[in-house]
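Inside the fold
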Amino acid sequence: SGLSRVVALAVITALVAVVTVAATLFVLRDSSSGVWLAKQFAAFNHRVLGGVSTGALAVDTSTLDRLQEIRNLNRAIARAPVFGHGLGYVYQLPSGDDEFSTKYQPTYSHNFYLWWWVKAGAVGMVVFALFALTPLIRALRRASAPAKISAAVSAALLAISAVWPLPEMPIDALALGLALGATTAFAGMASTGRDGARI
């Protein structure tokens, strides 16, 4: 029932947004605000919706750089799949002469899981999985709403780490650590029923 409510809310929100944008474009069609809004809508349609087409992705430099990064990571994993190369390992050459390219890019990756496998190998991946997934599974098995909410937040942040390396960035790593800490805490707390009995 919770999933159906979320889907219904998403559909209603999308319909309201479409109707609102269409009505606003119609009412303001000849005004400067209407022209501005039409340009914003066209830009969004071109850059966001059109940007995920195969033709656009084939020439997008950011996408091509990430695909090359993944190829470099896979080659490095193949050379030391079990224990990895260590945290300071340089797995790719810099692509430019700016500070990020020369200082961070050779050891940085947008995909945290492949990055961690290069650094710590399959053994490190198992350790991380036990560290991150154990409280997640325990929290999802709890009846309490805080446990399920904290598990959902942690699961979302762990999913994001496949395309944005949260554990590699200081502030993002703090956010992920706080979420996993909350999940661990709520997973270990016993729920109480209406009569005060522990469940």
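Okay, so let's go over this structure.

About the thresholds
Residues numbered from 1 in each chain as written. Predicted model: local features only at pLDDT ≥ 70, side-chain atom pairs only at ≥ 80, totals over all residues. Heavy atoms only, no water. 1 Å grid on protein atoms, 1.4 Å probe; cavity = no way out; pocket = protein on both sides within 12 Å on 5 of 7 lines; lining within 4 Å. Points joined across faces, edges and corners; volume = space filled by probe spheres on them. Helix = DSSP H or I, 4+ residues; strand = E, 2+ residues; numbered from the N terminus. Nonpolar A, V, L, I, M, F, W, Y, C, P; charged D, E, K, R; others polar. Axes fitted to C-alpha atoms, helices over the stretch in contact; angles between N-to-C directions. Parallel < 35°, antiparallel > 145°, perpendicular 65-115°, else oblique. Left-handed = near helix turned anticlockwise from the far one by under 90°. Contact = heavy atoms within 4.5 Å.

**Comments concerning the layout of surface pockets**
In this structure, the largest pocket spans a volume of roughly 230 Å³. Taken together, 14 residues line the largest pocket, and the ones lying closest to its centre are D65, R66, E69, S95 and Q105. Those elements giving two or more residues to the lining of the largest pocket turn out to be α4 (61-79) and α5 (99-104). The element contributing the most residues to the lining of the largest pocket is α4, with six residues. Its residues assigned to classes, the lining of the largest pocket shows three nonpolar, eight polar and three charged. If you add up the space inside the second largest pocket, you get close to 170 Å³. Lining the second largest pocket are L87, F100, Y104, T107, Y108, W115, K119, E168 and M169.

**Observations regarding the packing of helix α7 (residues 145-160) against helix α8 (residues 170-188)**
Remark: α7 packs on α8, axes separated minimally by 8 Å, with the N-to-C direction vectors making an angle of 150 degrees. Accordingly, the angle class assigned to the pair α7 and α8 is roughly antiparallel. The two elements α7 and α8 meet at a crossing, and its hand is left-handed. Mapping the contact onto sequence places P146, A147, S150, A151, V153, S154, L157 and L158 in α7 and A175, L176, A179, L180, A182, T183 and F186 in α8. A class-by-class count of the residues in the contact of α7 with α8 yields twelve nonpolar, three polar and no charged.

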